[in-house]
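The chain contents come next:
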Amino acid sequence: MDNEQALDHRALEKIEHELAVLGRRAERFRMAIADGSGPPLDRSAYLLLSYLYDHGSVRLTTLGAVFALDISTVSRQVAALATEGLVERATDPTDRRASLVTLSARGRDRYVVTRAARVTSISGLVSGWEKDERDSFGTLLGRLNAAIAERDRAQLPPRSQDATSRARSRA
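Residues numbered from 1 in each chain as written. Predicted model: local features only at pLDDT ≥ 70, side-chain atom pairs only at ≥ 80, totals over all residues. Heavy atoms only, no water.

Novice: Let's hear about the overall build of the protein chain: which residues, and what values?
Specialist: From N to C terminus, the protein chain includes 7 helices and 3 strands. A total of 171 residues make up the protein chain; the buried ones form 24% of that total. Long-range contacts, defined here as pairs at least 24 residues apart, represent 52% of the contacts in the protein chain between residues at least 6 apart. Of the roughly 11,600 Å² that the protein chain leaves accessible, carbon and sulfur atoms contribute 54%. (Helix = DSSP H or I, 4+ residues; strand = E, 2+ residues; numbered from the N terminus. Buried < 20%, exposed > 50% of the residue type's maximum accessible area, 1.4 Å probe, protein only. Contact = heavy atoms within 4.5 Å. Areas by Shrake-Rupley, 256 points an atom, 1.4 Å probe, with all protein chains shown as cover.)

Have a look at this one:
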């Protein structure tokens, strides 16, 4: 291994270590945010509410494709959100066999309050950073998430990949 490869390997080891630490601390971060709207939303609930907030009504199959989850898993998660009154389900008018999931008014309020509390908390953590550092970090973190999502999509069975492609084209 030459010197440049050794430096790159050390950088990759550093990234691996920091991701492991981030993964461990992310749950504590989530639990520490008191937004007054109820118990902290778990990661899957927050992400589903976020997607519905950004994209409006969608089918369960779309959510499964977007998050690379089995339809039964998405269905359970959506059922839990519906029980809490955060989402509503209705028959898809274009295909009466399918249902659409929509963010309820309560779900929208809960998401907006939770997101604001999270942004405020992150703001405090990066307040000493320069604007370009915050911008770069967001961009690079987005690229890493996109690469992980692409790898996940590549590992899906062919039928799931078709659903993912349809979901991405609608998003």
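There is more to say, and it comes next.
Novice: An account of the nonpolar core is requested, with residue identities and associated values reported.
Specialist: If you look at the biggest cluster of nonpolar residues, it comprises 18 residues, and the most contacted ones within it are Leu49, Leu63, Val78, Leu81, Val87 and Val101. Going through the elements one at a time, α2 (43-55), α3 (60-66), α4 (71-83) and β3 (95-103) are the ones with two or more residues in this core. With sequence-adjacent residues up to four places away left out, valine 78 is seen in contact with Leu60, Leu63, Val87, Arg89 and Val101. (Core = buried A, V, L, I, M, F, W, Y, C linked by side-chain atoms within 4.5 Å.)

Novice: Mind laying out the pairing of strand β2 (residues 87-92), listing which residues take part and the relevant values?
Specialist: Note that β2 and β3 share 6 bridges and pair antiparallel. By the bridge assignment, valine 87 is partnered in β3 with leucine 103. (Pairing = 2+ DSSP bridges.)

Novice: Which residues make up the packing of α2 against helix α5 (residues 105-125), and what are the values?
Specialist: The contact between α2 and α5 brings their axes to 10 Å, and the two run at 110°. Accordingly, the angle class assigned to the pair α2 and α5 is roughly perpendicular. When you trace α2 past α5, the crossing you get is left-handed. Residues Tyr46, Leu49, Ser50 and Tyr53 of α2 lie in contact with α5, whose contacting residues are Gly107, Arg108, Tyr111, Val112, Thr114, Arg115 and Arg118. Split by residue class, the contact of α2 with α5 holds 5 nonpolar, 3 polar and 3 charged. (Axes fitted to C-alpha atoms, helices over the stretch in contact; angles between N-to-C directions. Parallel < 35°, antiparallel > 145°, perpendicular 65-115°, else oblique. Left-handed = near helix turned anticlockwise from the far one by under 90°. Nonpolar A, V, L, I, M, F, W, Y, C, P; charged D, E, K, R; others polar.)

Novice: Explain the sheet that holds strand β1 (residues 58-59) to me, and be specific about the residues and the numbers.
Specialist: Ordered by their spatial adjacency, 3 strands build an open sheet running β1-β3-β2, and the pairing between neighbours is antiparallel. Every interior strand has two partners, whereas the edge strands, β1 and β2, have only one. α2 contacts β1, β2 and β3 of the sheet and is inclined by roughly 100° relative to β3. Most of the contacts of α4 go to β2, to which it runs at about 120°, and overall it touches β2 and β3.

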